Amino acid sequence: MVGASVGADHALGSRSRVAFSRVTAMPNFKQIHNVEDLRRHAAAYLPKPVFDFIDGGAEGEAALRNNREVFDRIRFRPRTVADVAVRRIDTTLLGKPTAAPIAIAPMGGLSSFAPHAEVSMAKACAAAGIPYCLSTAAGISIEDLRAAVPEARLWFQLYVFKDDALNRALVERAHAAGYDALMITTDTHVAPKRERDRRNGFSLSLDKTPRNIAHVLSRPRWIWDVMIKAGLPSMPVLSPHAPEIVDNISATRFFVQNRRYGFDYAHLKELRRHWKGKLLVKGVMRADEAEQVAACGADGVVMSNHGGRNLEYAAAPLEMLPEVVDAVGKRLHVLVDSGFRRGTDVVKALALGAEGVLMGRPAAFAVAAGGEAGVGHLIGLTKDEIDRTLGYLGCTALDQLDRDHLLVDRAPWGRNAPGL
Ligand SMILES: Cc1cc2nc3c(=O)[nH]c(=O)nc-3n(C[C@H](O)[C@H](O)[C@H](O)COP(=O)(O)O)c2cc1C
């Protein structure tokens, strides 16, 4: 049956392909107004263990909940006497123009959410004028994604491996295929404890229990689209370097056994020497660490708690954003993810000083709900909400946003998050 995640988020399966199609019915997008609607459609399409793999967080899911709750503690101070008839939400991300301050976060395991999910996501991003980030644990190779979507602005996320030659080979391939940013993930050096996955028997592969078989059989559209028509690839980013990868289980085993779980600043400097494009460190949450990665030559950070999937009780990146922006905002590109579901969320982060926002689960739900069209719909909704919020705040462009637009609840101990 399907494979799953051990020690990280990653891809499942046993075939590689580029041509794609989704044969089953599309949802009525007129009735999909937000990420929660997309999530509901995804839940109806996916077998429960696969849905839980996307939706769930670590341990008691306090970090996951807090990623959302922090947004409720920040409200807006609008200016209303302003000419906002003409507004624009285009900006730059990592020094290049972009149609909106958003990108899709790297996600492994996508091939089990929808047929050819990475291609669908990259196409939707390209059509919307925003970047797409491919995961090391993707279900398509670096080169095949480029060939399938030549017009896309692509970034590559690297899980660092013990073998330096393998790391170098991966970043060289990304460079050769025209990916313009490398995102090194540093927040997954320990295998996460995701209790939904454990309860569902979702580890190296999905346990063939009567309950799981019933879950899968209850989703015939998914069986047809994902298992029969598309097939599940076995980590095509890695398989050219690892002859022992023959199926999804051996791919997952290779991934887990060969990851470097002790990545440090010396490794970062080494990778900096080999990667000429923009280099981001994903998972940095503190000002002192951001200073250190800047000293190693990084161009930016993606502040992230991995969507609440790893460290239970990790602070939400939004709470830590002012601290990091105040320390390195003039020197580093500061992107942020974890918990962003609406345009208002994006506007709050930008007002706090972020350059841009990555979305993970919303895109996973969208691709399961409606393939490329679903992801396009998500991006359209988010852009529309960003634009609308901007207008209500009395702004006509994103660079007019600042902390003056925000009203922040005091923390229970009488002190705001640093910088607020
Ligand atoms: C299903 C899934 C798989 C993920 N896989 C990866 C991955 O391969 N590499 C990585 O750096 N982050 C991975 N992440 C984390 C995302 O890049 C991102 O940090 C997180 O999803 C943001 O939070 P959000 O889902 O609330 O938007 C994954 C997240 C999900 C939901």
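Residues numbered from 1 in each chain as written. Predicted model: local features only at pLDDT ≥ 70, side-chain atom pairs only at ≥ 80, totals over all residues. Heavy atoms only, no water.

Student: A description of the layout of surface pockets should follow, citing residues and the corresponding values.
Tutor: Taken as a whole, the largest pocket encloses approximately 590 Å³ of empty space. Thr186, Asp187, Gly283, Met285 and Glu289 are, among the 26 residues lining the largest pocket, the residues nearest its centre. Those elements that provide at least two residues to the lining of the largest pocket are α11 (265-274) and α12 (287-295). The computed volume of the second largest pocket comes to approximately 430 Å³. Taken together, 18 residues make up the lining of the second largest pocket; nearest its centre are Leu350, Gly353, Ala354, Glu355 and Asp399. Elements supplying a minimum of two residues to the lining of the second largest pocket: β2 (91-93) and β10 (333-336). In terms of residue class, the lining of the second largest pocket is built from 9 nonpolar, 5 polar and 4 charged. (1 Å grid on protein atoms, 1.4 Å probe; cavity = no way out; pocket = protein on both sides within 12 Å on 5 of 7 lines; lining within 4 Å. Points joined across faces, edges and corners; volume = space filled by probe spheres on them. Helix = DSSP H or I, 4+ residues; strand = E, 2+ residues; numbered from the N terminus. Nonpolar A, V, L, I, M, F, W, Y, C, P; charged D, E, K, R; others polar.)

Student: Residue-level account of empty space enclosed by the protein, with values.
Tutor: A full pass over the atoms with the stated rule returns 4 cavities of 30 Å³ or more. Of the voids in this model, the largest cavity is the one considered here, and its volume is about 340 Å³. Lining the largest cavity are 28 residues, with Pro106, Met107, His306, Arg309 and Gly360 positioned closest to its centre. Looking at the lining of the largest cavity, the elements with two or more residues in it are α2 (48-55), β11 (356-359) and α15 (361-392). Across the lining of the largest cavity, the residue classes break down as 12 nonpolar, 10 polar and 6 charged. Computed from the structure, the second largest cavity encloses a volume of approximately 60 Å³. In terms of lining, the second largest cavity is formed by Val160, Asp164, Asn167, Arg168, Arg260, His267, Glu270 and Leu271. Those elements that provide at least two residues to the lining of the second largest cavity are α6 (164-176) and α11.

Student: Tell me about α11, residues and numbers included.
Tutor: Those residues of α11 not exposed but buried are His267, Leu268, Leu271 and Arg272. Viewed end-on, α11 has its buried residues packed into an arc of 145 degrees, placing them on one side of the element. Opposite the buried face of α11, at more than 90 degrees from it, the exposed residues are Ala266 and Arg273. Turning to α11, the residues buried within the fold contact β6 (154-158), α6, β7 (181-185), β8 (278-282) and α12. Near the N-terminus of α11, the side chain that reaches the backbone nitrogen of Ala266, with its oxygen 3.0 Å away, is that of Asp264. (Buried < 20%, exposed > 50% of the residue type's maximum accessible area, 1.4 Å probe, protein only. Arc of directions from axis to C-beta. Contact = heavy atoms within 4.5 Å. Polar contact = N/O pair within 3.5 Å; in protein donor to acceptor, adjacent residues only side chain to side chain.)

Student: Tell me what's going on with α6, and back it up with residues and numbers.
Tutor: An ideal rise of 1.5 Å per residue puts 18 Å on 13 residues; α6 measures up with 18 Å between its terminal C-alpha atoms. Of all the positions in α6, only Leu166, Asn167, Leu170, Val171, Arg173 and Ala174 are classed as buried. Looking down the long axis of α6, one finds its buried residues gathered within 155 degrees of arc, a one-sided arrangement. In the core, the buried residues of α6 are packed alongside α5 (142-148), β6, β7, α10 (248-258) and α11. The N-capping residue of α6, defined by a side-chain oxygen 2.9 Å from the backbone nitrogen of Ala165, is Asp163. Once α6 finishes, Gly178 follows within two positions and takes phi at roughly 80 degrees, a positive value. (Expected span 1.5 Å × (residues − 1).)

Student: So, the nonpolar core: which residues are in play, and what are the values?
Tutor: Core analysis: the biggest nonpolar cluster contains 121 residues, and Tyr132, Leu134, Leu145 and Phe156 have the highest contact counts within it. For this core, the element with the highest residue contribution is α15, accounting for 12 residues. Once you skip the residues sitting within four places of it in the chain, Phe156 turns out to touch Cys133, Leu134, Ser135, Thr136, Ile142, Leu170, Ala174, Tyr179, Ala181, Leu182, Met183 and Val237. Ranked by size, the runner-up nonpolar core spans 12 residues in total, among them Ala181, Leu280, Val302 and Leu358. (Core = buried A, V, L, I, M, F, W, Y, C linked by side-chain atoms within 4.5 Å.)

Student: I'd like a description of the packing of aromatic side chains, backed by residues and values.
Tutor: Any aromatic ring pair is given by two values, namely how distant the centres are and how the planes are angled relative to each other. A full pass over the atoms with the stated rule returns 8 aromatic pairs. Centre to centre, the rings of Phe53 and Phe113 are 6.2 Å apart; their planes meet at 55 degrees, and the pair counts as tilted. On the criterion of sequence distance, the pair formed by Phe53 in helix α2 and Phe113 in the loop between β4 (102-104) and α4 (117-128) is long-range, its members being 60 residues apart. Here Phe113 falls in the buried class, since its relative accessible area comes to 2%. A centroid spacing of 6.4 Å and a plane angle of 90 degrees characterise the contact between Phe156 and Tyr179, whose relative ring orientation is edge-to-face. With Phe156 in strand β6 and Tyr179 in the loop between α6 and β7, this pair connects stretches of sequence that are 23 residues apart. The class for Phe156 is buried, based on a relative accessible area of 0%. With a relative accessible area of 3%, Tyr179 lands in the buried category. (Phe/Tyr/Trp six-rings, centres within 6.5 Å; stacked < 30°, edge-to-face > 60°.)

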